[in-house]
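An overview of the molecular structure
One-letter residues, chain by chain:
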Amino acid sequence: MARYTIEELLQLKPSETLTANFPAEEFRAIIEKVSQVQALREEEFAAHHVGHFNRRRSSHHHGKPKIKHTKPKVTTDSDGWCTFEGKKKGSGDEEEEEIFKETVSTPIAQETLKIKPNNKNISSSRPADTTDLVTDKPTLSFNAFAALESDEGEEE
Amino acid sequence: MSVEEVTQKFEETVSVDDEGPKTVLSGTNFDVKHPLNTKWTLWYTKPAVDPSESWSDLLRPVTSFQSVEEFWAIMQNIPEPHDLPMKSDYHAFRNDIRPEWEDEANAKGGKWSYQVRFKKNDIDELWLRTLLAVIGETIDEEDAQINGVVLNVRKSGYKFALWTKSEDKEPLVNIGARFKQVLKLTDADHIEFFPHSAANEKHHSPSITL
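Where an unreviewed UniProt entry is consulted, chain B appears under the name Eukaryotic translation initiation factor 4E, with the organism given as Zygotorulaspora mrakii. We quote the UniProt Sequence similarities (unreviewed entry) comment for chain B here in full: "Belongs to the eukaryotic initiation factor 4E family."

Under an unreviewed UniProt entry, the name given to chain A is Cap-associated protein CAF20, and the organism recorded is Zygotorulaspora mrakii. What UniProt states about chain A under its Function (unreviewed entry) heading is, verbatim, "Acts as an inhibitor of cap-dependent translation. Competes with eIF4G1 and EAP1 for binding to eIF4E and interferes with the formation of the eIF4F complex, inhibiting translation and stabilizing mRNA."

Here you go:
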């Protein structure tokens, strides 16, 4: 049986490059092509899966999201009075702000409001509102005598 | 036939100048070669690029060699392990044994396995040492227990496997001990033997650990 130790075989390694007994260039080309395809796929994968930044936030894997609430702006004058400055309407659109001011400054016309009785409250044991009682007053009351008189008049 | 015997035979047949050292490679006549014990076939598993490619399409024999000189000529012309793409395999198997469990010669055997977890710089050297130990028949002094040797290139690292024709514990333990030396492993490192008969089981455990 032919036996060679690792050292013996290394001693037999030629210093010059020998020609292989198979189409080595073709073999290396296949491997090169596979490496290129794999590198291209890795690039594509990386482009579509950039860490976790492109992922939507899961609703059940984390705690409540941190929401930053803006503090209301309160100014204190020299007398110690605090004034709350509400959020301004609009985002710098002056025309819109003027229209808003106009509608606010227009006095509201005095109108007589007809209030319908709330049947629910009347029928219940709950005392109705006094204002409701006034409005609930029937406008036409039945007059039995007047009715009789009118009937007689018709017969005549 | 040892390397000295072959070299002596060569010197007897070829006239060499007295000036330089007399070696096989100093002359231009390469007809005389150092024969190996058996013929070996180098196989390559190409990683699947297209889903339609099957295992039989991917596993192909590259070439065969029967001498030391032929072996070196091949090694000089093929990419080294660190140049191989992911999911590639190199296989060197004796004669015409296919690097598959189904092959008659492998069916009753198994494999000594070791995984290099991290990509070491000396991975090319370890693979070369394994090949030399196998083709030089020094890893298996008793009998021709070795059918072949495999290198898997994976994301997790490089897997070395020594395929044997039987599961006999006694010769396998000797082979395993030498395999550890070849891979330059310490006592803290462990190699495992997996019989091919248990390869289809879900969580097959090694039958021998060294």
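With that settled, consider the packing of aromatic side chains. Each aromatic ring pair is characterised by the separation of its centres together with the angle its planes make. Residues and elements named next belong to chain B. Within this structure, the stated rule accounts for nine aromatic pairs over all chains. Relative to Trp163, the ring of Phe93 lies with its centre 5.5 Å away and its plane at 80 degrees, an arrangement referred to as edge-to-face. Residue Phe93 is found in strand S3 (residues 89–94), and its partner Trp163 is found in strand S6 (residues 157–164); the two are separated by 70 residues along the sequence. Overall, the relative accessible area of 7% leaves Trp163 in the buried class.

Moving on to the interface of chain A and chain B. If you look at the interface, chain A gives 29 residues, while chain B gives 44 residues. Together, the buried faces of chain A and chain B total about 3,300 Å²; carbon and sulfur atoms form 65% of this surface. Broken down residue by residue, the surface that chain A buries against chain B is led by A:Arg3, A:Tyr4 and A:Ile6, which jointly contribute 20%. Run the count over chain A and chain B and you get zero salt bridges. Between the two partners, chain A and chain B, sit 13 residue pairs in polar contact (both at pLDDT 80 or more). Contributions of two or more residues to the side of chain A that touches chain B are made by helix H1 (6–11) and helix H2 (24–48) of chain A. Here the side of chain A that touches chain B gets 10 residues from one element, more than from any other, and that element is H2(A). Looking at the side of chain A that touches chain B residue by residue, the class counts come to 17 nonpolar, six polar and six charged.

Turning to the confidence of the model for chain A, a few remarks are in order. Residue and element names in this part refer to chain A. Looking at chain A, pLDDT values average 71 and 51% of them are 70 or higher. Averaged over each element, pLDDT in chain A is lowest for helix H3 (residues 94–105) (49) and highest for H1 (92). Low pLDDT (under 50) marks residues 89–97, which in the prediction has four contacts with non-local residues, meaning those over four places away or in another chain.

The rules behind these values
Residues numbered from 1 in each chain as written. Chains lettered and ligands numbered in written order. Predicted model: local features only at pLDDT ≥ 70, side-chain atom pairs only at ≥ 80, totals over all residues. Heavy atoms only, no water. UniProt positions renumbered as here; feature names shortened; annotations may be inferred. Phe/Tyr/Trp six-rings, centres within 6.5 Å; stacked < 30°, edge-to-face > 60°. Helix = DSSP H or I, 4+ residues; strand = E, 2+ residues; numbered from the N terminus. Buried < 20%, exposed > 50% of the residue type's maximum accessible area, 1.4 Å probe, protein only. Contact = heavy atoms within 4.5 Å. Buried area = accessible area lost by both parts, 1.4 Å probe. Salt bridge = Lys/Arg side-chain N within 4 Å of Asp/Glu carboxyl O. Polar contact = N/O pair within 3.5 Å; in protein donor to acceptor, adjacent residues only side chain to side chain. Nonpolar A, V, L, I, M, F, W, Y, C, P; charged D, E, K, R; others polar. pLDDT = per-residue confidence, 0-100.

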